[in-house]
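An overview of the molecular structure
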Amino acid sequence: MTEVSIEKLTKDYGQGPAVDGISIRIAEGEFISLLGPSGCGKTTTLKMIAGFEDATQGAIRFDGRDVVHVPVEKRDIGMVFQNYALFPHMTVEGNLAFGLEMRKIPKAEIRTRIARVLDMVQLAGYAERYPRQLSGGQQQRVALARALVIEPKILLLDEPLANLDAKLREEMRVFIRDLQRRVGITTVYVTHDQAEAMTMSDRVVVMFGGRIAQIGAPSDIYERPANLEVAEFVGQVNIIRGKVGNGTVSTPFGDVPAAGAHADGTEITLALRPEAVELLPLGSGVAGVPAKVRSSYYSGSLVDYRLELASGAIVNVQTFPRTRFADGDEVLVHAPADRFWPLGISA
Amino acid sequence: MTEVSIEKLTKDYGQGPAVDGISIRIAEGEFISLLGPSGCGKTTTLKMIAGFEDATQGAIRFDGRDVVHVPVEKRDIGMVFQNYALFPHMTVEGNLAFGLEMRKIPKAEIRTRIARVLDMVQLAGYAERYPRQLSGGQQQRVALARALVIEPKILLLDEPLANLDAKLREEMRVFIRDLQRRVGITTVYVTHDQAEAMTMSDRVVVMFGGRIAQIGAPSDIYERPANLEVAEFVGQVNIIRGKVGNGTVSTPFGDVPAAGAHADGTEITLALRPEAVELLPLGSGVAGVPAKVRSSYYSGSLVDYRLELASGAIVNVQTFPRTRFADGDEVLVHAPADRFWPLGISA
Amino acid sequence: KTLVVPTLGGVWEQYWRSTVAPAFTKQSGAAVTLDVGNGRVWGANLRAAGVAKPPYSIVMTNEVFASGLRKEGFFEKLDLSKLPNYADLYPLAKKTDGWGAIGAVSPIGIGYRTDLVKTKPKAWKDLWENPEFKGRIGLYNFANSAGKMELLLFSRIFGKDQYDVDAGFAALQKLGSVIQVDFNLSTGLASGEIVVAPFDFGEIARLKKQGLPVDCIIPEEGMIMFDQTINILANAPEKDLAYQYANFLLSPEVQAMMMKEFFISPTNSKVAVPADLKADVPISGADMDKILTWDWNFVNEKQGELAERWAKTVK
Amino acid sequence: MSRPFFTVYCLIIYAFLLAPILVVVGASFNAGAFLTFPPQGFSFRWYVVFFNNDVFMRAIRTSLWIAAVTMVISGVIGTMAAIFYVQYSGRLKEAVRVAMLAPLLLPEVLTAISLLFFVYSVGIGTQTMVGMIVGHVLITLPFVFINVSASMESYDPSWSMAAQSLGAGRFTRFRRIMLPLIKPGVIGGCLFAFIISFDIFTISFMLKNVGTSTLPIQLFDYLRTNFTPEAAAVSTCSIVLTLAVVIVSEKVLGLRIHRF
Amino acid sequence: MNAAAKKRFGPLLLIAPAAILLTVFLVLPYLNIVLMSVRMPGQGTPYGPGFTLANYGKFFADSFYIGQVVNTLWIGFVTTLACLVLGYPVAWQLARGNSAFRAVGYGLVLSPLLVGIVIRSYGWTILLGNNGLINRTLMGWGVIDGPLPLMYNALGIIIALVHVFLPFMILPIMSAIQGIDPSLEAAARSLGASKAKVFRRVTLPLSLPGIQAGCILVFVLSLSAYVTPSLIGGLRVKTMAVTVVDALIDTFQWPFGSAMALVLSATGAVAVVIFGRLTRMKWKA
Ligand SMILES: Nc1ncnc2c1ncn2[C@@H]1O[C@H](COP(=O)(O)OP(=O)(O)OP(=O)(O)O)[C@@H](O)[C@H]1O
Ligand SMILES: Nc1ncnc2c1ncn2[C@@H]1O[C@H](COP(=O)(O)OP(=O)(O)OP(=O)(O)O)[C@@H](O)[C@H]1O
Ligand SMILES: [Mg+2]
Ligand SMILES: [Mg+2]
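Keep in mind it's a predicted model, so treat the numbers as computed, not measured.

1. Points about the coordination of the magnesium ion (ligand 3)
Residue and element names in this part refer to chain A.
- The protein atoms that coordinate the magnesium ion (ligand 3) are Thr43 (OG1) and Gln82 (OE1), at distances of 1.8 to 2.2 Å. Of this pair, Thr43 sits in helix α1 (residues 42-50) while Gln82 sits in the loop between β6 (77-80) and α2 (92-102), and the two are 39 residues apart along the sequence. Gln82 matches Thr43 in its accessibility class, with the two residues each being buried.

Structure, rendered in C-alpha cells:
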C-alpha cells in the first residue's frame, strides 16, 4: 500500500561505491526482485530502503515523501535479514510476538496469528524453542515468519529461502506470494535464484556491481536480456559466430535471418540458450547438424550436454533425460532460427 | 584418503532424536551428499563426524579406527559451517591463513596458496577486508575457501553455496569437485538443492526425520526412489491412478505394462515425473491424450504447466519454453510407458 | 647479625631508616631490618607464629596491646643488667613492674580550632558544657587505645573510678553525636568538621607548624597518653641484640632525637627539654607523673562487652 | 533518551567520578604545608618532596612489582576459571560462581588472619612474599573471573569449532581466537587486578614479609601522623601513571573489539 | 593421560588452578576460623578453652546485630542499584560511542580506583562535609540555612561507595554490550520498536550477563566494605563489616568476630545465589 521510489541512490562504504546511483520506482503492492551476483549491492539497497544505512547520495521516497528523517520503526516495514538476526533471548514465539506487541495487537490475537504463521512455515511444534535449538533452515523460517506475521506495508526479504530445500521453498514462495497479494504489500525480494525471481516477481531488477543492468518483466529479462552479461546471469548462453550474407547469417546450425543491416561478410555473434536446442538421435530424419557428445551432467530432471560440432565449436545443450546419450555418441542438434538473438559484431 | 564409516549413529538433544541410528560407509575419496528437508539432522550428522557433538549412541570410524577419542583438531577435516563462523577479528587473509599456519606451511607458500584460492572464489581484491565488511555471499565464499585451502583428508560442507547465485554456484561446484578429485578428499556435502546433490555426488543419502530413507547413485535416487517421499523430495511427481487388466495398467495416458502380478481390476497408483511428459499442440499428429492448460509458471529456462485431463485428473508438466501455451489452451500430452513407476495399491 | 626492628610507617620509617637505624648499626655493628607495622599486626604475627618461634626479638607498641601479649607469655621480664638506661627512666615509664619499659610518651590533652571556637576549652567537662561544640566533637573510637582511655577517663570523671564504666557510658550517651575516628583526627580538624577533640601534643605541634589555627590545652581533670612500651620476646632469635637496641632507644641521645623529630615527651630523666621546644613538648619531667594511667587488664578482660556497649551507645 | 540528554547524563557521571579526585589533585599542588582545599597557592614542592622520599619510592616499587605478579597470576587463573564457568560448568554454574566470589564474600581481615596462621603453620611464615601474594591473588581473582565471564557470555563457540576444524589445538584456539575476542573482559579484569592489588591494605599489612612495605601501608601510616599534600601528590602520580597505561593499552591492544 | 580421559577431564583442567588455590589458601585456612567461631570467648586471650555455639546465639538474639545485617543489606542494595542506573549509560557510551573519547573515558571510569581510600575519603570530606564545598556554596547562595547532612550518615556512605564501585559495574556491562550483534537491534527496529523499546526488549536483556556480573560484584563489595563506611560514616552508621573488623582486630574477640564474619559471608552468598536465580538467562545453554 506504499509506493517506494528510489532515486540515484548511492552508498559508499569507503572502498568505492557498493551501490552506485540506482533508481527504481516500485508501485503500490508490486513485487520486485533484486537479482544479481554476490556482492553487487542487493543487501545494501535493502538496508537503505529500510533505513539502517544512510545513503551516501540520492533519495528514497515512500508515497512521494522523502523518508530520510523517518526512523526505521516508523516505516512499517518487515524485513528478513540475510543472517536471520533472531533474538537469541526469546523463544520462537517471543520472536514472532515482538512485532505484534509493538503494534499493540491484543494478546489473544497475537496468539492466534502466531499459531497460524507457525503452521504456514511448518514449525508448529517449535514455539517454545530458543533459536540456538533450531537448525539453520528452521531459523530462517522463523525469520521469515517474524517479518510476515506483522503484515507490514513494505516487505524487504533478503534471500529468505536460501537454506530451504526445493519443496519447502516452493511452499514458502506460495505462502509469501499469497500473503503479499492479499494484503497488497509492496515487496522487494532479494534472491540469487533466477528461477525464484522469475516465478514470483512482477518485475525483476538485475544488478551488477552496484548498478542496474536491466529492469523488466521476468520474460523480458530472460528472453530479451539487455546484454550478454544479463543473459549469462539469468541463464546459460551459447555464443555462436556467423557470417552475414544475403540478409541471413550463416551459422553452424544453418542460416538465421539477420536482424539489422549488416554488410555482407561481416562476422557477427549470436546468442542461443542451451534449452532452445533440440537434441536428436542420429538418423531420426529431422534436419539437424551432426555433433558429438563431449561430456554430460545429470541433475535429475535435466541433463546438460557439452557437444562438439563438426566446425569444432562447442555448444551446451540442456534436455530432459527422456533419451540419454553417452559421451562420444554422435547426435543431431537442431535450433529453431527464431531462438537466436544477435549480440553484435565480432571483434 | 580416509574411509569414514558411521554405524547406528544417534543424537538426542533432549527433545527426541535429531539423528536416529544412521549407518553410512563412505569410501576413500568418495563424494557423498546428504539431502533432506530442513531439520532432518544433516548438520547434526556433520557435527558428529567432525567431532563437535558427541553421539548419544553409535560409532564413527576413520579407516576402521574408532575416533570417539580423537579430538577434532587431530581429525584433519575441513568444514564449512552453515553460519560460516568466520573469525571476526581476522581479515579474509587471516582467516584463510589460519589453517595453513596450524599445518606449519612456510609463509611464502601460505601466501601463494591464499592468492590462488581467493582467485578461485573470485575474491581476489578482498584479502584485507574483515568479515563484517563483506556481503553474505562473499562471507560464504571465504568460509568455503578457508576449508578448502588446507586440503584436508575429509571435507564436511554444510550448505556451502546456499547464498550464491547460479553462475557462481556452478563455478564453485566445479572448483570443489576438481580439488576433491585431485587431492582425493573424502567429502560429505550437505545441501538442500537436489540438482546440486545429483550433479556432484558419487552417492546421495536422503534423510528424513533423522533417518536414512535411501542411499544410492544420483540416478537411482531420482529414477528409482525408494518411496513416494523420496520421489517427491528429489523432484516433482504426478500420482496417476490406474486399473490393472490383462497385465497392463490402464491410465488416462493409455496402457502401461504392469510391474508385478496384480489381480485384474486392482486399483494401483503410478508415479510420473512432470518433465517426463511431452506437451504437444493439438493436432500435431502424435498419439497423445487431450488436456487443457489450467495455469503455468514461467521460470526462464523452464515452464511448469498444470493440466487438466479429460478425466478431471490434474497433471503437472514441465517443458522448455520453446513453444508456449496460454491458460485455457487445449493441448496433447504424451508420456512414454517406461517412464511410469508403480507406487502400490491404492487405498 | 641482623636485628628485625619493628617500626611504624611513613615519617617514622623514614626517620628510622635515615637516622636511628644507622646510628644503632654504627654503635653495635649489627645490620637492621626495618619492619613496618603496628601493634595489631605484630600481635597477629606473634600469635600466628606461636610463643616458641616469634619472628621478632623486640616489640615496641602501646601498653594495651603489650599487656595482652604479655599475659599470653610472649615477653620476658626485662633483664635489667642488660638495660642500664632503665635506671634513668621516670617512674611513669617503669609502671609495668620491669616487664616493659616505656620508650616514648605522647601526652593527650584537648586540641581545638582557635578560629572556630570562641570559648576555649579548659576541662574535659567542657565537651558537655560548651554548646559551641555540639555535633562537632571528635573522638577516637573504641578500637583505638585512646578510645579505651576516653571511656576510662570519663568513667573516672563522672563516676567513682575507671571501673565505673556505667557512668562513663552514660556520659558518652549524653554527649550526643560525635565524629568517631579510628585514627587521624587531624583530617577532620583541618577541614573544620571537628572543632574539638582529644589530641596528642605532638600532633597539635605539627599542625600548628603547618599553619593550621589550632591549639591544645591540658585539661583540669588530667591527661591521657599514647605510650610506646618496649618489650623483649622470651624466645627472641636475637635476644642480646634486642637488649642492646632497647638500651639504645632508652639512651638520652636517642630520646632527645625523637623529641626533636616527633615532639614526644622523653622518658629518660637525663634529657632536658630545651627552651625552644617547650611550647611543643609542654609535658616533661615531673609533669609526666600527672598523666593518668590505667588498669589494662580490666579492659582486656572485658574487651568484648565494653566494645559492644560502646558500639551501641556512641552515635 | 535523546542524544543531547544522554550525553549530558554521561558527562554528569564523569564529573561525579572525577569530583573527589580533582580535589585531591588540586590539593597536591598546594603551596602551603597543609592538605587543604581550596589550595593556598600553586607549587610543585610536594612532588619534589615525594620524589626525594625514598620510603615512598621504595614502597611504590614494591607495590608495582607485587601488583604485576598478582595481575599475571590472577589473570591466568581467573580467565581459565571463567572459561570453565561459561562453557562447561553446566548445572554447577551457581556453585562455581559463589566459590569464585568467596574471597570477596569473606571479610578481608579474616582472610588475612586465617592466611597468616596458615603460612606460619606450614612453616613459610612471613619470611617470603608468598603469603602476601597469595592473599593478593585471592582478593583479585574474583574481579578477573567476573569480567572475563561477562565477555565470555557473548563468545560464539562456533568460532572455536571453526578453529578446531582447521587443526588448532586447545592453546592455539585460546590464544588466537578466544583471547582476542574476549579481550575487553580480560583487559578489564587484569586492570582491576593490578589496580586493586596496588591498593590492597589489610592483606598486605598482615601478610607482608618482614622488611618490606607497600604504598598503601606507607600512605596509611603517613596520614596517621602527617597531613601534608605529599600524600595527594603520590595519589596524583598514580592516577597519571595509570591513565597513561590505559591510553597506551588502548593504542597498542585496543580496548574494544569489532566483531560485527 | 589417555585420549578418553583427556576429553572428559580436559575442561576440569581449566578450573583446577582456581580450585586448588581456593582450597589450599581459603578453605583450609578457614577451617581454623570455623573452629574459632565455636570457641569460648577469651578473657584477655584470643579464645578460651572449650566449645560453644553461644557466639552465634549472641548474634541472632540481639536486635542490634540483626539490625546491622538489615542495614548492611540495604546499603548494599541501594549502592548496587545506583551503580547500575548511573553506570549503564556510561558503559553503553564506552561500548558504542565514538572512538576518540574512548580511551580517556575508560581512564576516567577507572580513576576512582586509583586514589587510595584514605585520600579519596579526604576528597569527599572536602566536598560533602558540613563545612564542605557543597554545603558552603549552597549556604553562600542562601539556598539552605544549615548544612545538609551529606556525610556521617548512610547517604554519605552510599555516595562514596557508588563512586568507587562504579568501575566494577561499568566494565562488565561494557564488554557485554560490545558482544551484542547490532543487527539484532536493527531487526527490532524493523519490527516497529522505538529506540526505547529496542533498548528495553533487546539491548538490556542481552547485556544481562554484564549486568549480572556488575551487580554481584558491587553488591558483594558493598557488603564487605569497611574503610569507606568507617571514614565517611564517622562510625555512626553501623554496618556488619565494620563491626566484624572491630571485633576481630581491634577488640580482639576472635570467636564472636569469626561467627559474625561467617554469618555475614553466608548472607552475602545467599543473596548472590538468589540474585543469580532471579536473573537466570534461560536462553543460555
Ligand atoms: N542445540 C539443539 N538443541 C535442541 N535441538 C536441536 C539443537 N540443534 C538442532 N536441533 C534440532 O535437531 C534437528 C536436526 O537439526 P539439524 O541442524 O541437524 O538439521 P539440518 O538437517 O541441518 O536442517 P537445516 O537444513 O534446516 O539446516 C532439528 O529439528 C533441530 O531443531
Ligand atoms: N560494512 C561494509 N563495509 C565495507 N564494505 C561493505 C560493507 N558491507 C558491504 N560491503 C561491500 O559492498 C558490496 C555490496 O554488498 P552487499 O551486502 O550489498 O552485497 P549483496 O548484493 O547483498 O551480496 P550477497 O548476495 O553476497 O549477499 C560488497 O562488495 C561488499 O563487500
Ligand atoms: Mg546480501
Ligand atoms: Mg543445517
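2. Here we look at the coordination of the magnesium ion (ligand 4)
- Distances from the magnesium ion (ligand 4) to its protein donors, Thr43(B) (OG1) and Gln82(B) (OE1), fall within 1.9 to 2.2 Å.
- On the basis of relative accessibility, which here comes to 17%, the residue Gln82(B) falls in the buried class.

3. Regarding the interface of chain E and chain D
- If you look at the interface, chain E gives 94 residues, while chain D gives 86 residues.
- Here chain E and chain D share an interface that buries about 8200 Å² over both sides, 79% of which is from carbon and sulfur atoms.
- A per-residue breakdown of the area chain E buries against chain D is headed by Leu14(E), Leu114(E) and Tyr122(E), which together make up 8% of the total.
- The tally of links from chain E across to chain D stands at zero salt bridges.
- The tally of links between chain E and chain D comes to seven residue pairs in polar contact (both at pLDDT 80 or more).
- It is helix α1 (residues 3-36) of chain E that contributes the most residues to the side of chain E that touches chain D, 19 residues altogether.

4. So, the nonpolar core
- The biggest cluster of nonpolar side chains holds 445 residues, and the ones touching the most others in it are Trp16(C) and Phe168(E).
- Looking at which element gives the most residues to this core, the answer is helix α7 (residues 154-178) of chain E, with 16 residues.

5. Describing the pattern of salt bridges
- The final tally for this structure, using the stated rule, is 53 salt bridges over all chains.
- Note that Glu7(B) is salt-bridged to Arg61(B), the shortest N-O span being 3.0 Å. In this pair, Glu7(B) sits in strand β1 (residues 4-12) while Arg61(B) sits in strand β4 (residues 57-62), placing the two residues 54 residues apart along the sequence.
- The exposure class of Arg61(B) is partly exposed, given its relative accessible area of 24%.
- Its salt-bridge partner being Lys82(C), residue Asp240(C) comes within 3.3 Å of it at the nearest N-O pair.

6. Brief notes about the arrangement of the chains
- Interchain contacts are distributed over seven pairs of chains, and the most extensive set of them lies between chains D and E.
- The two partners chain A and chain C share no contact, and the minimum distance between any of their C-alpha atoms is 49 Å.
- The two units chain A and chain D are non-contacting; their minimal C-alpha-C-alpha distance is 11 Å.

7. Some points on the sheet that holds strand β10 (residues 211-216) of chain A
Residue and element names in this part refer to chain A.
- The six strands are arranged β6-β7-β8-β3-β9-β10 in an open sheet whose pairing can be described as mixed. Both edges of this open sheet fall to β6 and β10, since each of them pairs with a single strand only. Strand-to-strand twist in this sheet, taken as the mean axis angle between neighbours without regard to direction, amounts to 15 degrees.
- Pairing of strand β3 (residues 31-35) with strand β9 (residues 203-208), which is carried by four bridges, proceeds in the parallel orientation.

8. What about the packing of helix α5 (residues 108-121) of chain D against helix α12 (residues 240-250) of chain E?
- Interhelical geometry of α5(D) versus α12(E) gives an angle of 30 degrees and a closest axis separation of 9 Å. The pairing of α5(D) with α12(E) is recorded here as roughly parallel in orientation. In this structure, α5(D) contributes Val109(D), Leu110(D) and Ile113(D) to the contact, and α12(E) contributes Val245(E), Leu248(E) and Ile249(E).
- Within the contact of α5(D) with α12(E), the residues separate by chemical class into six nonpolar, no polar and no charged.

9. Re the site of ligand 2
- Around ligand 2 there are 21 residues in total, and Thr43(A), Thr44(A), Ser135(B), Gly137(B) and Gln138(B) lie nearest to it.
- Positioned at a junction of chains, ligand 2 has nearby residues supplied by chains A and B.
- Contacts to ligand 2 include Cys40(A), whose backbone N or O atom sits 3.3 Å from an oxygen atom.
- Lys42(A) places a polar main-chain atom, nitrogen or oxygen, 2.7 Å from an oxygen atom of ligand 2.
- When ligand 2 sits alone it has 640 Å² of accessible area, and the protein chains cover 89% of it.
- Sorting the residues of the shell around ligand 2 by element identifies α1 of chain A together with α4 (136-149) of chain B as the ones contributing at least two each.
- In the shell around ligand 2, the residues fall into five nonpolar, 12 polar and four charged.

Parameters and conventions
- Residues numbered from 1 in each chain as written.
- Chains lettered and ligands numbered in written order.
- Predicted model: local features only at pLDDT ≥ 70, side-chain atom pairs only at ≥ 80, totals over all residues.
- Heavy atoms only, no water.
- Donors = N, O, S within 2.8 Å, 3.2 Å for Na, K, Ca; no water.
- Helix = DSSP H or I, 4+ residues; strand = E, 2+ residues; numbered from the N terminus.
- Buried < 20%, exposed > 50% of the residue type's maximum accessible area, 1.4 Å probe, protein only.
- Contact = heavy atoms within 4.5 Å.
- Buried area = accessible area lost by both parts, 1.4 Å probe.
- Salt bridge = Lys/Arg side-chain N within 4 Å of Asp/Glu carboxyl O.
- Polar contact = N/O pair within 3.5 Å; in protein donor to acceptor, adjacent residues only side chain to side chain.
- Core = buried A, V, L, I, M, F, W, Y, C linked by side-chain atoms within 4.5 Å.
- Pairing = 2+ DSSP bridges.
- Axes fitted to C-alpha atoms, helices over the stretch in contact; angles between N-to-C directions.
- Parallel < 35°, antiparallel > 145°, perpendicular 65-115°, else oblique.
- Nonpolar A, V, L, I, M, F, W, Y, C, P; charged D, E, K, R; others polar.
- Near = heavy atom within 4 Å.
- Areas by Shrake-Rupley, 256 points an atom, 1.4 Å probe, with all protein chains shown as cover.

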